[in-house]
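Summary of structural features
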Amino acid sequence: MAEPQMKVSEEIAITIQNMNKWYGSFHVLRDIDLTVNRGERIVICGPSGSGKSTLIRCINALEEHQQGRIEVDGTVLSSDLKNIDKIRSEVGMCFQHFNLFPHLTILENCTLAPIWVRKTPKKEAEETAMHFLEKVKIPDQANKYPGQLSGGQQQRVAIARSLCMKPRIMLFDEPTSALDPEMIKEVLDTMIELAEEGMTMLCVTHEMGFARQVANRVIFMDAGQIVEQNEPEEFFNNPKSDRTKLFLSQILGH
Amino acid sequence: MSDTHAHSVAFVRETEIPASPPPAAETGVVKWLRANLFATWANSLLTIVAIYVIYLILAGTLPWIANGIWNAGSLGECREILSGKVGACFAVLTERWPQLIYGFKYPTSEYWRPTLAFFLMLVALAPVLFFDLPRKLLIFTALFPFIAYWLIWGGTILTPILALAGFVGGFFVYQKFVKDSFALGAGGGALVALIIWVVGGWLIPDTANENAMLLAVPSRDLGGFMLNMMLGLTCVSLSIPLGIVLALGRQSHMPLIKGISVVFIEFIRGVPLITLLFVASVMLAYFFPPESTVDLFLRVVIMITMFSAAYIAEVIRGGLAALPKGQYEAADSLGLDYAQAMRLIILPQALKISIPGIVNIAVGLFKDTTLVSVISMFDILGMIRGPILASTEWNGVYWELLGFACVCFFITCYGISQYSQWLERRLATDHR
């Protein structure tokens, strides 16, 4: 489905080399090496506690890594706040619990960062926001508050809010895990549309149907390591490691 | 009414059940009385006892108020007029109300000045309290402290103008340098303001107060409820920003800033306000250069502000802690810097959560301003206990005077409380 547009360029978007992270003395991420090309869509799966969320949170420095090198869009992530803010404004992120700002309307949620970080004029920011709200199919909710929307609508607003910053990379941290089954589909549809437009995406999710349909690469993590990565067909039909086989049999088993 | 077979397992609903109003017995006055006052026999008994207690209180106070004497020269005259009947002697209020409001040393001919300042205060507060009003009104709010200072203390207009010039100069320097670094901006701004004040202080001649447009009134001549209002308003409006800074400081990852905030808050909270006020009136002079005579009013303001800022900081810290971590992460992930994240995302929500706590402290602070009477400042309570009750005419008129003070405080505090409830409703956007 929609294969032709999903081209992956040779350009490199993210490089992670030899990255290690500890929480206290607990070694959460071990020797992570990962290169993501522009336009690539990667699904990261694995049992809970395997470090998959931590990995993508390291990419926009929500978590600090202690060893190794992360380069995003040509900027090397260091403790320099200017670099961190630059990377964050280029990388959009969606969270499991949406994290919309409850004291602002949907429209204000979407225009806040463009106005204050990008210094976009208010009117232009609002036009962009309405454009993306139409894209996620909720322009009529623009003046409501997040508390008045359903979970699925809130997650789509969160996606629109990230898109308003015109990011070159999108990170999704279990975007559908807090949603009812009926709402999962509307969020996944939005994400699929985004993928078809060629957005570079890293997505932590357990939606294996989504992975099959959209991903060019599926990464399986366990105990802080990348255990297996492959193209989706091969990954699901012919997993190599025993750990992957066990995981897949458990989540696809029922 | 049902088009399905209740006893079969397979079931398909073909008609919707329409919504209907609740049964009639669930509404109405009788229902309310039954449910709330006479539900059980114990409940009914309590209702009757409560009504009897209310009757006793009203039977005691209403005649006392209704028979009150409003025109008499002294307590003795009141008693003669009442001739044994129960009645209040409100004549003390008729005769002494200017003292209760303005203190006994404020020049009578100048009463219009604090009164005008009071009404200007209402205008200045309006855009702060009701944010639907045009934002341009805030310019007046910013100027109000200087206008009010000039009106109340009088003297040369150069003093408030100089103070304003210092703030304006400091602000421009801050604006210019804050883009490079916050520390440079804040430090440079403070330095420039200080220079303006010191140099300006030399330039204003010592005799400027003598032929000024408004008669100069020294701080020790301020008194009455006016003093309570002035202390309350100044300290609340200074301690909320200071409290925010302390709360953020306590959350800081920088050990020095965190340490200073923690030590300040814990020290101030561990000391009674009375002690701090005695320090202000007696000991604080040792900390200032010997030739400077820092005004007692200013010293008291500093102490009360520090005291309530420590409490407000803890209330706001509670609000900050109540915010989900996701709000910080969302702000970070959008690329907002610390100041933007705090100002636009974190503080608006944390302060909203903290409103009841902050108002609690503001109301407490306002009432605590009566403590200044122990360091011989003649606020409304100081006036009652001192000059008025000590006079031969009114010795012994406790209920009427203290009742008047109660009414003054109640009106203000109840107003604050009602405002805060309105504000909470107004800011409720979570639709829980």
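The text that follows walks through the structure, step by step, so that each part is easy to find. Just so you know, these numbers come straight off a predicted model, no measurement behind them.

Here we look at the overall build of chain A
- A count of helices and strands for chain A gives 9 helices and 10 strands.
- Taking the intrachain contacts of chain A between residues at least 6 apart in sequence as the baseline, contacts between residues at least 24 apart amount to 67%.
- Summed over its atoms, the accessible surface of chain A is roughly 11,100 Å², and 49% of this surface lies on carbon and sulfur atoms.
- For chain A, the distance from the average site of its 28 positive side-chain charges to the average site of its 35 negative ones is 3 Å.

Describing the pattern of salt bridges
- Across all of its chains, the model carries 28 salt bridges over all chains by this definition.
- Here the salt bridges share partners, and the residues they tie into one network are Lys21, Arg57 and Glu63 of chain A together with Lys325 and Glu329 of chain B.

Here's the deal with the state of the cysteines
- Counted by the stated rule, this structure contains 1 disulfide over all chains.
- Of all cysteine sulfurs, the one in cysteine 203 of chain A lies closest to cysteine 94 of chain A, which takes part in no disulfide; the gap is 9.2 Å.

A few points about the interface of chain B and chain A
- Each partner contributes residues to the interface: chain B has 21 residues there, and chain A has 25 residues.
- Along the contact surface separating chain B from chain A lie 1 salt bridge.
- Ionic pairing is found between arginine 57 of chain A and glutamate 329 of chain B, a salt bridge with its closest N-O pair at 2.6 Å.
- Along the contact surface separating chain B from chain A lie 6 residue pairs in polar contact (both at pLDDT 80 or more).
- Secondary structure elements with two or more residues in the side of chain B that touches chain A: helix 13 (325-333) and helix 14 (338-368) of chain B.

Some points on the packing of aromatic side chains
- Applying the stated rule across the entire model yields 21 aromatic pairs over all chains.
- Between phenylalanine 167 of chain B and tryptophan 197 of chain B, the ring centres sit 5.3 Å apart and the planes meet at 75°, which makes this aromatic pair edge-to-face. Residue phenylalanine 167 of chain B is found in helix 7 (residues 158-177), and its partner tryptophan 197 of chain B is found in helix 8 (residues 182-203); the two are separated by 30 residues along the sequence.
- Judged by relative accessible area, which is 48%, phenylalanine 167 of chain B ranks as partly exposed.
- On the accessibility criterion, tryptophan 197 of chain B (29% relative accessible area) is partly exposed.
- Taken together, the aromatic side chains of Trp64, Trp70 and Phe90 of chain B make up a single cluster linked through ring pairs.
- Its end group placed over the ring of phenylalanine 101 of chain A, arginine 161 of chain A keeps NZ or CZ at 4.5 Å from the ring centre.

A word on the nonpolar core
- Counting 94 residues, the largest nonpolar core has Ile14, Ile16, Ile44 and Leu202 of chain A together with Ile345 and Val372 of chain B as its most contacted members.
- Among the elements that take part in this core, helix 12 (residues 296-322) of chain B stands out by supplying 12 residues, more than any other.
- Formed by 46 residues, the second largest nonpolar core is a distinct cluster that contains Ala142, Leu149, Met191 and Phe235 of chain A.

Comments concerning the sheet that holds strand 4 (residues 67-72) of chain A
Residue and element names in this part refer to chain A.
- If you walk across this open sheet you meet the 4 strands as 2-1-4-5, and the pairing is antiparallel. Every other strand in the sheet has two partners, leaving strand 2 (26-37) and strand 5 (75-76) as the edge strands with one partner each.
- Across the sheet, helix 1 (residues 52-59) touches strand 1 (12-23), strand 2 and strand 4, and the angle it forms with strand 1 is around 120°.

A look at unusual backbone geometry
- In this model, asparagine 18 of chain A sits at a positive phi of 55°, which is unusual for a non-glycine residue.
- The phi dihedral of glutamate 174 of chain A falls on the positive side, at around 45°, and the residue is not glycine.

Thoughts on the environment of glycine 154 of chain B
- Position of glycine 154 of chain B among the secondary structure elements: in the loop between helix 6 (138-153) and helix 7.
- For the pair glycine 154 of chain B and threonine 234 of chain B, spaced 80 residues apart in sequence, the C-alpha to C-alpha distance is 18 Å.

Here we look at the sheet that holds strand 8 (residues 200-204) of chain A
Residues and elements named next belong to chain A.
- Within the open sheet, the 6 strands sit side by side as 6-7-8-3-9-10. Their pairing is mixed. Each of the sheet's edge strands pairs with one partner strand only, and the pair in question is strand 6 (91-94) and strand 10 (225-230). With strand direction ignored, the average angle separating the axes of adjacent strands in the sheet is 20°.
- Here 4 bridges tie strand 6 to strand 7 (residues 169-173), and the two strands are oriented parallel to one another. Bridge pairing links valine 91 to isoleucine 169 in strand 7.
- On the sheet, helix 9 (residues 242-251) packs against strand 3 (41-45), strand 9 (217-222) and strand 10 and is oriented at approximately 100° with respect to strand 9.

Quick notes on the packing of helix 9 (residues 224-251) of chain B against helix 14 of chain B
Residues and elements named next belong to chain B.
- Packing of helix 9 against helix 14 brings their axes to within 10 Å, and their N-to-C directions diverge by 145°. Both helix 9 and helix 14 take part in a crossing whose hand is right-handed. Here Phe225, Asn228, Met229, Gly232, Cys235, Val236, Ser239, Ile240, Ile244 and Leu248 of helix 9 come into contact with helix 14, specifically with Tyr338, Met342, Leu347, Leu351, Ile358, Ala362, Leu365 and Phe366.
- Classifying every residue of the contact of helix 9 with helix 14 by side-chain character gives 15 nonpolar, 3 polar and no charged.

Let's talk about a nonpolar patch on the surface
All names here are of chain B.
- A surface patch of nonpolar side chains, about 750 Å² in accessible area, is lined by Leu191, Leu194, Ile195, Val198, Val199, Trp202 and Leu203.
- Relative to the elements of secondary structure, leucine 203 occurs in helix 8.
- Residue leucine 203 is classed as exposed on the basis of its relative accessible area of 67%.

Some details on the side chain of arginine 217 of chain A
Residue and element names in this part refer to chain A.
- Tracing the backbone through its elements, the reader meets arginine 217 in strand 9.
- Of the residues examined, arginine 217 reaches a relative accessible area of 13% and is grouped as buried.
- Here glutamate 40 takes part through its side chain, which lies 2.9 Å from a polar atom of the side chain of arginine 217.
- Once you skip the residues sitting within four places of it in the chain, arginine 217 turns out to touch Leu34, Thr35, Val36, Glu40, Arg41, Ile42, Val43, Gln229, Asn230 and Pro232.

Parameters and conventions
Residues numbered from 1 in each chain as written. Chains lettered and ligands numbered in written order. Predicted model: local features only at pLDDT ≥ 70, side-chain atom pairs only at ≥ 80, totals over all residues. Heavy atoms only, no water. Helix = DSSP H or I, 4+ residues; strand = E, 2+ residues; numbered from the N terminus. Contact = heavy atoms within 4.5 Å. Areas by Shrake-Rupley, 256 points an atom, 1.4 Å probe, with all protein chains shown as cover. Lys, Arg positive; Asp, Glu negative; His and termini not counted. Charge placed at Lys NZ, Arg CZ, Asp CG, Glu CD. Salt bridge = Lys/Arg side-chain N within 4 Å of Asp/Glu carboxyl O. Disulfide = S-S within 2.5 Å. Polar contact = N/O pair within 3.5 Å; in protein donor to acceptor, adjacent residues only side chain to side chain. Phe/Tyr/Trp six-rings, centres within 6.5 Å; stacked < 30°, edge-to-face > 60°. Buried < 20%, exposed > 50% of the residue type's maximum accessible area, 1.4 Å probe, protein only. Lys NZ or Arg CZ within 6 Å of the ring centre and 35° of its normal. Core = buried A, V, L, I, M, F, W, Y, C linked by side-chain atoms within 4.5 Å. Pairing = 2+ DSSP bridges. Axes fitted to C-alpha atoms, helices over the stretch in contact; angles between N-to-C directions. Left-handed = near helix turned anticlockwise from the far one by under 90°. Nonpolar A, V, L, I, M, F, W, Y, C, P; charged D, E, K, R; others polar. Patch = residues over 30% accessible without salt bridge, like charges linked within 9 Å, V, L, I, M, F, W, Y side chains within 5 Å.

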